[in-house]
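# Fold and contact review
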Amino acid sequence: MKRKFLNYISILALILIASCKPGDFGNINISPNSPSTAQTYLLLTNAERQVGGLVSSVTGRLFTQQNSETLYTSESRYQLKVYDYSAAYNNMLEDLVLIIKLNTDAETKALPSVISGGSNANQIAAARILKAFVFQAMTDRWGDIPYSEALQGLAKPLPKFDTQQSIYTALFKELKEAGAQFDNGAALKGDFIMGNSNAKWKKFAAQIRMNMALRLSKVDAATGKAEFNAALADGVLASNSDNIFYPYLLESANENNMYNNYNVAKRYDYTIGKPLLDYLQTNADPRLAVYAEKNNAGLYVGMPYGITQGQAGAYTIGAFNTAGAFVPGSVSAFGSKFRLQNSPVSIYTYAETSFAIAEAYKLGWITGTPDDVNAAAKYTAGITASLAQHGITDATAVATYLAQPNIVYSPTDAIKQILTQKWVANYQGYGFEAWADWRRTGFPVLSPSPAPLNLGGQIPRRLGYTTNEASLNAKNYAEVIARQGPDELNTRIWWDRP
C-alpha cells in the first residue's frame, strides 16, 4: 500500500512538471516588493534621493572655507585630486534617461507602470530638468565631461568628452524646452523635492539657467546677458516661500549628513570655518547665533582652516555625553538648526537669487548700463531674505545690521559685497554654487590653506577625473587633457577666467 501511494505521488509530480515550461517556477521567485516592470514614479524618487549627496557634499563648503575639518584635514589641504563621477552616470542619470525613454516610446508610454507617474509630458519635462541639473553640476566641477555620447550603454562604452562650452549651449536649450513641456495632464508622482508641482519645476529650470548665465560673465558676457534675462522673464524664485530644499527625514535611511556625523558616527569631523565665523563676528551679524554654537568658554570661535592634522588636534568642537546632551569644546560647533536628523539643505534660495539679480544690475545686464539703484535694492533684499530664512525678522535688528559700515551698499565695492553676502547666505547649503561664484569672481576674498598638499598650493579650481578614464578610456582622456589642460586641481575650466 505504501509503495502504491509513493508511485501515485511520483506520477502526479511528473505530470505537474511536464505541464510547466522549462525554467518556470511559478510565483516562487517573484518578490512582491521588487516589481519586474519599471515604475517610473519610483525611478524619479530614486533619482531625487541621490540629489541629497550632491547638494550636501562638504567639498564645496571646504573649498570656500564655510566649513573646516577638525580631525582629518586632507581635503581642506587639497590632497584629494581624483573625484569619481561614475555613480551619477550609472545611477541617477540612468534612471532619468529611462523615465524619458519609457514615456516616449509608443510601446511603453501608455503602460500602467508609466502613466501612474503622471502625464508623459510632465514626467519627461521633470526628468529632463533634473538630468540637466546633474550635468551642469558635473561640468562645473570637472570641466569637459562625457555628454553627447554618454548614457548609451554598449553602443558607446567609451564616450568622448564634450567641451564645457558645447555642454552649456545644449543645457540652455534643454532647460528651456523642458520648462515649456509641462502640460495640464495628470500630476507627477514620486517627486518629493518639488512636491509634484509643475510650477516649482519651471522655476527650478529657470533658476539653473540664471546661475549658468552668470558663469559666462567673463568668457561670453553677451550670451550670459541674453540667457540671464530670458531666465528672469520665465520666472525664478520670488520669495522665501519659493526656496528649494532637499528634505531630509526623521529616519536613518535619509537623514542629514551632519546629523549622522555628530549624532550617529560620533566623529565630529566638520564645523564652521574660522573665515566665515570671523566675518560674521566682525560685522555683528545676527545669523552668527544660528550658524554656530558657543564654545566651552561661552565664545564664538571658528575652527582654523586647512591646518595640519597635528595642529588640528589642539582643537575640539565638543561631543555628546552619555545623557545625550552636546558638551561644547574649544571651537564652535555647527548651529543645531543645521544638524538635526531632518534638517533640510537648501539648493536654491530667494536670497541667493536676489544677489544674482543685484550682480546683473551692477553688470548692466538688465538695464543696459550699470544700475546701482536697483543693484542696491536687490542686495538689501537678499540680505533681508537670508535673515528671515533664519528667523531674524525684527525690524530693528534687520535695520541695525544693514547700517553696518561694511554692509551698506557701496558702488565701488558692490560686486565684492554682493558675492560675499551670497557666500554667507549659502552656508550649509549647496556649497558647489558658492565655489563656482568664488572661481568666477574671486569673492569672497579667501587665502589658501597654510599647509597645502596640492600642486601649486592654491585653492582648487576643478576636480580631477576618475582614474577609470585614464585606464579604460585612454584615447578620449588624452584628447581632453590636450584640449583642456593638465588633469590637476589648478587647471581652469572654460568659464573660469582671471
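Located above this text is the structure these notes cover.
Core analysis: the largest hydrophobic core is formed by 136 residues, its most contacted members being Phe133, Phe204 and Ile347. Take this core: its biggest share by element is 13 residues, from helix α7 (residues 120-142).

Let us look at the pattern of salt bridges. Inspection of every chain in the model, using the stated rule, returns 24 salt bridges. Two residues, arginine 128 and glutamate 177, come together in a salt bridge whose shortest N-O distance is 2.7 Å. Pair noted here: arginine 128 is in helix α7 and glutamate 177 is in helix α8 (residues 164-179), with a separation of 49 residues, a long-range link. Overall, the relative accessible area of 35% leaves glutamate 177 in the partly exposed class. Across the salt bridge formed by arginine 462 and aspartate 487, the nearest N and O atoms sit 2.9 Å from each other. In this pair, arginine 462 sits in the loop between α19 (431-441) and α20 (467-472) while aspartate 487 sits in the segment after α21 (474-484), placing the two residues 25 residues apart along the sequence. Of the two residues, arginine 462 and aspartate 487, neither departs from the other in class, the shared state being buried. Taken together, the shared-partner salt bridges connect Arg128, Lys173, Glu174 and Glu177 into one network.

Our next topic: helix α10 (residues 221-234). Here α10 contains 14 residues, and its C-alpha end-to-end distance of 20 Å stays within 8% of the 20 Å for a straight helix at 1.5 Å per residue. All of the buried residues in α10 are Gly224, Glu227, Phe228 and Ala231. For α10, the angular spread of buried residues about the axis comes to 105°, placing them on one side. For α10, the exposed residues lying more than 90 degrees away from the buried face are Ala222 and Ala233. Looking at the buried residues of α10, the elements they touch are α8, α9 (198-215) and α15 (350-363).

With that settled, the discussion passes to the packing of aromatic side chains. All chains considered together, the criterion is met by 34 aromatic pairs. The interplanar angle of 70° and the centroid separation of 6.2 Å between the aromatic rings of tyrosine 279 and tryptophan 423 together place this pair among those described as edge-to-face. Of the two residues, tyrosine 279 is situated in helix α12 (residues 274-282) and tryptophan 423 in helix α18 (residues 414-425); the sequence distance between them amounts to 144 residues. By relative accessible area, which is 5% here, tryptophan 423 ends up buried. Lying over the aromatic face of phenylalanine 326, arginine 339 brings its terminal NZ or CZ to 4.7 Å of the ring centre. Sitting above the plane of the tyrosine 465 ring, arginine 462 keeps its charged end 4.7 Å from the centroid.

Parameters at a glance
Residues numbered from 1 in each chain as written. Predicted model: local features only at pLDDT ≥ 70, side-chain atom pairs only at ≥ 80, totals over all residues. Heavy atoms only, no water. Core = buried A, V, L, I, M, F, W, Y, C linked by side-chain atoms within 4.5 Å. Buried < 20%, exposed > 50% of the residue type's maximum accessible area, 1.4 Å probe, protein only. Helix = DSSP H or I, 4+ residues; strand = E, 2+ residues; numbered from the N terminus. Salt bridge = Lys/Arg side-chain N within 4 Å of Asp/Glu carboxyl O. Expected span 1.5 Å × (residues − 1). Arc of directions from axis to C-beta. Contact = heavy atoms within 4.5 Å. Phe/Tyr/Trp six-rings, centres within 6.5 Å; stacked < 30°, edge-to-face > 60°. Lys NZ or Arg CZ within 6 Å of the ring centre and 35° of its normal.

Keep in mind that these numbers describe shape and distance, not what the molecule does.
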